[in-house]
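# Structure assessment
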Amino acid sequence: MGIITAYIDQYGYIVLFIALMLELIALPLPGEILMSYAGFLVYQGHLNWMISILAAGIGSCTGMTIAYIIGYKLGTPFIEKHGHRVHLGPDRLEKTSQWFSKYGNKMLIFSYFIPGVRHITGYFSGITRLSFRTYMLFAYSGAFIWTFIFITIGKLLGPQWDQFHNSVKKYLLIGLSMAVVVLIAVYFYRKYKQLLKEKTIFMLKKVTTLFKSSGVALLFIVFTLMATLSLIILMIDLIQDFLGNEMNDFNEITTLLVSSFFEEQWTLVLKVFLVAKSVPALIVVIILTLLWILWRDKLKLYGVLSLAIVVFGGELYEESLRRFFHRLAPDHLSFIEPLTNSFPSEQSLMAIVIYGFFLYLFVRYSHNGWYRIFAIVGVIVILVLMAIAQINFNAKLPSDIVAGFVFGGVWLGLNIILLEIFYLFNSVKHAAEDG
């Protein structure tokens, strides 16, 4: 590895091109590490960021094209006989075939992020006679996405590129999957914008009446229960990671990426959202929730009582959790006592409970569909930027913030379920009396 990086230092783009080409033909070269190191050289000013991406991307495309041609021309018999030389034995070929059957051409994009798979997708695509035009579209797009991400990460991490390389790689596939989902959603939105708009307006007009329907109320309870159970499972995983001291990588990578993306020009904006978690801001939201209950809720007494349970019970719940985990914290964490005592984050837990309960009641009783949309988006933006602000100003560890949201989500979900069950029973009771 040291020899290759030395060659990159000396010959730069040429070595990057050749190394990525050879790796995609299936030679055992550490392409991701090379790209991260090239990004570090970009950080130092020795290489140009755009030219590095072009060199690596074109090299990757060239390697994928050669692999495709070999697979297309020589076919299955050659691969079965000599495939082991390029890590493409019968078992690997069968497994790749199953993945292609399940995920289709999208596999050509995601395969770059899966070691051992990206080296054989080109051969496999040629063997299966995949249209070269389709192959180019997906394989070349994936190549430039792959090279762009790792070179950019190296540029952002700078001198720390090597230290954080493995950790970044671990979380990258998750982030990429989320980005792909967002891009697909944007594509469908643009393509079916008018239809979605009409359907959205129609559905939003029905929300209020749906909440009054016992059948739909029961469905909503089941959905909320499933979401809460998912959060409970995630909560258990977080507890295990906390007790096993396995959150360091996540904390370091998240902090580094946030500080890299949100530079000085974001300081004022993030300070505003930092205020959103303060006690005065939460009190304002509680007051607004109370006023909304008194205005809209027919069962005002029970609504106010639920608000009190959510807020004061949430505070007791949060304090008990932090004390409990502080006592359970492993001995090797004792030297960072103030940090271990913040798991889960008090501000994050109470923020999602208070903002979330307000959002739930607002959506339940609002008659304007667009107001509901704005409220949902607004609360999500506030919570996300609030978390980013805390990370950016080193106010809390990222893992503590995530834990606060998850633990708070569980408390919020349980209270919403109980309140909806009460509303459902009350509705059924009145319906029976009227009948």
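Located above this text is the structure these notes cover.
### Overview of the side chain of R364
- Within the fold, R364 resides in helix 17 (residues 346–365).
- Under the relative-accessibility criterion, R364 is labelled buried at 9%.

### A look at the side chain of S306
- Following the sequence through the fold, S306 ends up in helix 15 (residues 300–328).
- At 2.8 Å, the side chain of S306 forms a polar contact with the backbone oxygen of Y302.
- For S306, the residues in contact, after removing those within four places along its chain, are F357 and L419.

### Some details on the nonpolar core
- Ranked by internal contacts, the top residues of the largest apolar core, which has 55 residues, are Y317, F343, Y355, F357, L361, L383 and F407.
- Of all the elements, helix 17 adds the most residues to this core, at 14 residues.
- Ranked by size, the runner-up nonpolar core spans 29 residues in total, among them L16, M35, A38 and Y68.

### What to know about the packing of aromatic side chains
- In total, this model carries 14 aromatic pairs according to the counting rule given.
- Ring geometry for F40 against Y43: centres 6.4 Å apart, planes inclined by 15°, an arrangement best described as stacked. Of this pair, F40 and Y43 both sit in helix 3 (residues 31–44), three residues apart, which is roughly one turn of the helix.
- In this structure Y43 comes out as partly exposed when scored by relative accessible area, which is 46%.
- Plain terms: the ring middles of Y302 and F422 are 4.4 Å apart, the flat faces sit at 40° to each other, and that makes the pair tilted. With Y302 in helix 15 and F422 in helix 19 (residues 398–434), this pair connects stretches of sequence that are 120 residues apart.
- Taking the relative accessible area as the measure of exposure, Y302 reaches 39% and is therefore partly exposed.
- You can call F422 partly exposed: its relative accessible area is 27%.
- By the ring-pair criterion, three or more aromatic residues cluster together here, those being Y68, Y72, F132 and Y135.
- Above the plane of the ring of W295 lies R296, whose end atom (NZ or CZ) is 4.3 Å from the centre.

### Here's the deal with the pattern of salt bridges
- Summed over the entire model, instances satisfying the criterion amount to one salt bridge.
- In this structure, E420 engages R364 in a salt bridge whose closest nitrogen and oxygen atoms are separated by 2.6 Å. Of the two residues, E420 sits in helix 19 while R364 sits in helix 17, which places them 56 residues apart along the sequence.

### Points about the packing of helix 3 against helix 8 (residues 132–157)
- Their axes nearest at 6 Å, the elements helix 3 and helix 8 cross at an angle of 50°. Classified by the interaxial angle, the pair formed by helix 3 and helix 8 is oblique. Between helix 3 and helix 8 lies a crossing whose hand is right-handed. Here E32, M35, S36, G39, F40, V42 and Y43 of helix 3 come into contact with helix 8, specifically with W146, T147, F150, I151, G154 and K155.
- In terms of residue class, the contact of helix 3 with helix 8 is made up of seven nonpolar, four polar and two charged.

About the criteria used
Residues numbered from 1 in each chain as written. Predicted model: local features only at pLDDT ≥ 70, side-chain atom pairs only at ≥ 80, totals over all residues. Heavy atoms only, no water. Helix = DSSP H or I, 4+ residues; strand = E, 2+ residues; numbered from the N terminus. Buried < 20%, exposed > 50% of the residue type's maximum accessible area, 1.4 Å probe, protein only. Polar contact = N/O pair within 3.5 Å; in protein donor to acceptor, adjacent residues only side chain to side chain. Contact = heavy atoms within 4.5 Å. Core = buried A, V, L, I, M, F, W, Y, C linked by side-chain atoms within 4.5 Å. Phe/Tyr/Trp six-rings, centres within 6.5 Å; stacked < 30°, edge-to-face > 60°. Lys NZ or Arg CZ within 6 Å of the ring centre and 35° of its normal. Salt bridge = Lys/Arg side-chain N within 4 Å of Asp/Glu carboxyl O. Axes fitted to C-alpha atoms, helices over the stretch in contact; angles between N-to-C directions. Parallel < 35°, antiparallel > 145°, perpendicular 65-115°, else oblique. Left-handed = near helix turned anticlockwise from the far one by under 90°. Nonpolar A, V, L, I, M, F, W, Y, C, P; charged D, E, K, R; others polar.

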